Amino acid sequence: MQNILKYIHKRKYELLLIALIQHLFIGIFLTDLPFYTKIIWPVNMVLLGIASMGVFIEKGHWENILQKILFLLVVALPIALKFFNKNIYFFLFLNIAYVLFFMLIFWEVLKFLIKPSYINTDIISASACGYLLLIEICTFLMQFFVYKNPQSFKGLDLSSPANTYIDLVYFSSVTLTSIGFGDITPNAHHTKLIASLFGIAGQFYSVVLVGILISKFSSYKSE
C-alpha cells in the first residue's frame, strides 16, 4: 500500500491528467449512454478520486480531510443516481459537490504551478490539468443551473443525464477556448454571465500560464 501511495504521489499530475481526459472525453468511444451513466460514470469518479489523492499527499491535515469527504461524495453520488434519478434536489446537490471537488483540486494545481522555479514534465502535466479542471468546474456549474431551470440553455439534449453532461462538456470546452460555435447558447442571465466569466477565465489562464512557463524556462536556462 505504501508503495502504491508513493507511485501515485510521484506520478500525481500524469495520473490526474489521464483521469480528467477519460472523464471528460470517454463519450467519444461510447454509443450506449445508459451504460455510461450506470457503469462508466461511477468507475470514472473512482479513478479521478484515486488520481487526485496524489495531489494532497503531504498537504495539511484539513485539506486531506476535505479531499476525502468530497471524494466519498463524488463516488457515492453516481451510484445513488439509480435511486434518486427523478429527484431534482439530488441533481442540484450532485453538481455542487462536483464543483467543490474540482475547485479544491484546481486550487492545489494552481499553487503548484506558481511555486517551483523549474520546468519539467510535472509542470507541463499540471498545466494541462488546470485547463481540464476549469472545463470540469464550468460543466458542473452550468449543469446545476440546467437542472434548476431547464430553459437556462438553448440547444441542449435533455433526454438523459449522460446526454446533458456530454453537451455541457462540449459547451464548456468551446467557451473556454473561445471557439463558440453557437449551436448551444445560454438562455438566462445567470448562465450568460457565467459563460462570459469562464470565457475570460480560460483566456486569463492561458496568458498567465504562458508567462509562468516562460519565466520557469528562462530561470532553468540561467541556472
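Since the structure is predicted, the reported quantities are computational estimates derived from the model, not experimental observations. (Residues numbered from 1 in each chain as written. Predicted model: local features only at pLDDT ≥ 70, side-chain atom pairs only at ≥ 80, totals over all residues. Heavy atoms only, no water.)

**Considering the overall build of the protein chain**
Across its full length, the protein chain carries eight helices and two strands. Along the protein chain, helices (α) and strands (β) appear in the sequence α-α-α-α-α-α-β-α-β-α when read from the amino end. Over its C-alpha trace the protein chain gives a radius of gyration of 18 Å, about what one expects of a compact globule, namely 17 Å for 223 residues. When the backbone C-alpha atoms are referred to their principal axes, the protein chain occupies close to 55 × 40 × 35 Å. The 223 residues of the protein chain split such that 47% are buried. At a minimum sequence separation of 6, the contacts of the protein chain that also span at least 24 residues come to 73%. Accessible surface for the protein chain amounts to roughly 11800 Å². Of this, 70% is attributable to carbon and sulfur atoms. (Helix = DSSP H or I, 4+ residues; strand = E, 2+ residues; numbered from the N terminus. Rg over C-alpha atoms; globule rule 2.2 N^0.38 Å. Buried < 20%, exposed > 50% of the residue type's maximum accessible area, 1.4 Å probe, protein only. Contact = heavy atoms within 4.5 Å. Areas by Shrake-Rupley, 256 points an atom, 1.4 Å probe, with all protein chains shown as cover.)

**Concerning the nonpolar core**
Among the nonpolar cores identified, the biggest contains 67 residues, and L16, M45 and F102 are the most heavily contacted of them. The set of elements that each furnish at least two residues to this core consists of helix 2 (12–25), helix 3 (33–56), helix 4 (61–84), helix 5 (88–114), helix 6 (121–148), helix 7 (161–176) and helix 8 (189–222). In terms of residue count, the dominant contributor to this core is helix 6 (16 residues). Beyond its immediate chain neighbours, meaning those up to four positions away, L16 contacts L48, A51, S52, V55, I105, V109 and C129. (Core = buried A, V, L, I, M, F, W, Y, C linked by side-chain atoms within 4.5 Å.)

**Re helix 6**
If you check helix 6, its first and last C-alpha atoms are 41 Å apart, about what 28 residues at 1.5 Å a residue would give, namely 40 Å. Among the 28 residues in helix 6, 23 count as buried, and that is most of the element. (Expected span 1.5 Å × (residues − 1).)

**Notes on the state of the cysteines**
Using the criterion set out here, one finds zero disulfides in the structure. You can see C129 has no disulfide; the closest cysteine sulfur is in C138, sitting 18 Å from it. The class for C129 is buried, based on a relative accessible area of 0%. Under the relative-accessibility criterion, C138 is labelled buried at 0%. (Disulfide = S-S within 2.5 Å.)

**Observations concerning a nonpolar patch on the surface**
A contiguous nonpolar surface patch, about 450 Å² in accessible area, is contributed by I21, F25, I28 and F29. Topologically, I21 is positioned in helix 2. By relative accessible area, I21 is classed as partly exposed at 40%. (Patch = residues over 30% accessible without salt bridge, like charges linked within 9 Å, V, L, I, M, F, W, Y side chains within 5 Å. Salt bridge = Lys/Arg side-chain N within 4 Å of Asp/Glu carboxyl O.)

**Some points on the environment of T31**
Structurally, T31 can be placed in the loop between helix 2 and helix 3. Taking the relative accessible area as the measure of exposure, T31 reaches 79% and is therefore exposed. On a C-alpha basis, the gap between T31 and P42 in space is 17 Å, while along the polypeptide they are eleven residues apart.

**Comments concerning the pattern of salt bridges**
By the definition in use, this model includes two salt bridges. One salt bridge connects E14 with R11, and the closest N-O pair in it is separated by 3.8 Å. Relative accessible area serves as the criterion here: at 35%, R11 is assigned to the partly exposed category.

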